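# Results of the structural survey
Below are the chains, spelled out letter by letter.
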Amino acid sequence: MPTTTFRIAPSILSADFARLGDEVRGVIDAGADLIHFDVMDNHYVPNLTVGPLVCEAIKPHCKVPIDVHLMVKPVDRIVGDFAKAGASIISFHPEASEHVHRTLGLIRDAGCKAGLVFNPGTPLDHLDHVMDLVDLVLIMSVNPGFGGQSFIASSLAKVTEARKRIDATGREIWLEVDGGIKADNIGAVAKAGADTFVAGSAIFGAGDRAAAIRKMRAELGAR
Ligand code: DX5
Ligand code: ZN
């Protein structure tokens, strides 16, 4: 049986923003595979975070890819700015784009991998007709806007359904899960079919971040 590559993506949302460069370097040294960069606009979601300037500022501190999660509406105008700022992956919510097919194309044309994000209440049907333009599917296991929320258990069935859709393409599309991921549920999320795991509070909130990541990897290995 082929072995799955698992990726752990700490979300900067739970980092100390006053020392973001150090924070990012620290979790990369601690074993992070990606840096998850949450962009919130106080419009599509009820919170406001950071934009391309901050992405550009952390880029020299990131020897791993930057995984930009856009929680902004509209999406298209800001895509090029994040590509220039050093994003490797740009994901967005279908509800936030009037033209999902166009937005996926814009992201790829800018040289990035394109991801589509599904809120707990958003059906996977949005993948219909655009699967060939998608490089990553991101399943939200909390409602977007805040770190530190509890994992919504019904997300597991959705991950399984997304895995089926991805496998049917025969392409290597990443399946990421975001929200409430911790060492004690990461194994179940992987079992449902995910390969990429966002964790904010469980990593940045831990006293020993390397130990937190090691524990997650151990759970992934042990399943
Ligand atoms: C929520 C964000 C998440 C969040 C995850 O809107 O997209 O990336 O930071 O944080 P935790 O792991 O604390 O749920
Ligand atoms: Zn996120």
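Heads up: these notes are all about the structure in this document. (Residues numbered from 1 in each chain as written. Chains lettered and ligands numbered in written order. Predicted model: local features only at pLDDT ≥ 70, side-chain atom pairs only at ≥ 80, totals over all residues. Heavy atoms only, no water.)

## Description of the overall build of the chain
Of the regular secondary structure elements, the chain holds eight helices and eight strands. With the C-alpha coordinates of the chain rotated into their principal frame, the extents come out at 45 × 40 × 30 Å. For the chain, buried positions account for 55% of its 223 residues. Within the chain, counting contacts between residues at least 6 apart in sequence, those at least 24 apart form 64% of the total. Here the chain displays about 9,800 Å² of accessible surface, and carbon together with sulfur accounts for 53% of that area. Each charge class in the chain was averaged separately, 23 positive and 27 negative side chains, and the resulting centres sit 4 Å apart. (Helix = DSSP H or I, 4+ residues; strand = E, 2+ residues; numbered from the N terminus. Buried < 20%, exposed > 50% of the residue type's maximum accessible area, 1.4 Å probe, protein only. Contact = heavy atoms within 4.5 Å. Areas by Shrake-Rupley, 256 points an atom, 1.4 Å probe, with all protein chains shown as cover. Lys, Arg positive; Asp, Glu negative; His and termini not counted. Charge placed at Lys NZ, Arg CZ, Asp CG, Glu CD.)

## Some remarks on the nonpolar core
Core analysis: the biggest nonpolar cluster contains 73 residues, and Phe37, Val68, Leu70, Phe82 and Val137 have the highest contact counts within it. Each residue touching Phe82, except ones within four places of it in the same chain, is listed here: Phe37, Val39, Gly51, Pro52, Cys55, Val68, Leu70, Ala87 and Ile90. Residues Val117, Leu136, Val142 and Trp174 belong to the second largest nonpolar core, which totals 10 residues. (Core = buried A, V, L, I, M, F, W, Y, C linked by side-chain atoms within 4.5 Å.)

## Let's talk about the site of ligand 1
Near ligand 1 lie 20 residues; those nearest to it are Asp38, Gly148, Asp178, Gly200 and Ser201. Here Gly148 contributes a backbone N or O atom positioned 2.8 Å from an oxygen atom of ligand 1. Note that an oxygen atom of ligand 1 is positioned 2.7 Å from one of the side-chain N or O atoms of Asp178. Within the complex, 100% of the 390 Å² of free accessible area of ligand 1 lies under protein. Of all the elements in the fold, those that place two or more residues in the shell around ligand 1 are β2 (35-40), β3 (66-71) and β8 (196-199). In terms of residue class, the shell around ligand 1 is built from eight nonpolar, 10 polar and two charged. (Near = heavy atom within 4 Å. Polar contact = N/O pair within 3.5 Å; in protein donor to acceptor, adjacent residues only side chain to side chain. Nonpolar A, V, L, I, M, F, W, Y, C, P; charged D, E, K, R; others polar.)

## Observations concerning the coordination of the zinc ion (ligand 2)
At the metal site, the zinc ion (ligand 2) is ligated by His36 (NE2), Asp38 (OD), His69 (ND1) and Asp178 (OD), and these contacts range over 2.1 to 2.3 Å. Metal-centred angles of 69 to 172° between the six donor atoms at the zinc ion (ligand 2) mark the site as octahedral. For the zinc ion (ligand 2), the single-chain donor residues occur in sequence as H-x1-D-x30-H-x108-D. A relative accessible area of 5% places Asp38 in the buried class. (Donors = N, O, S within 2.8 Å, 3.2 Å for Na, K, Ca; no water. Tetrahedral: all angles 85-135°; square planar, octahedral: opposite > 155°, others 65-115°.)

Everything listed here is a matter of geometry and, on its own, says nothing about what the molecule does.
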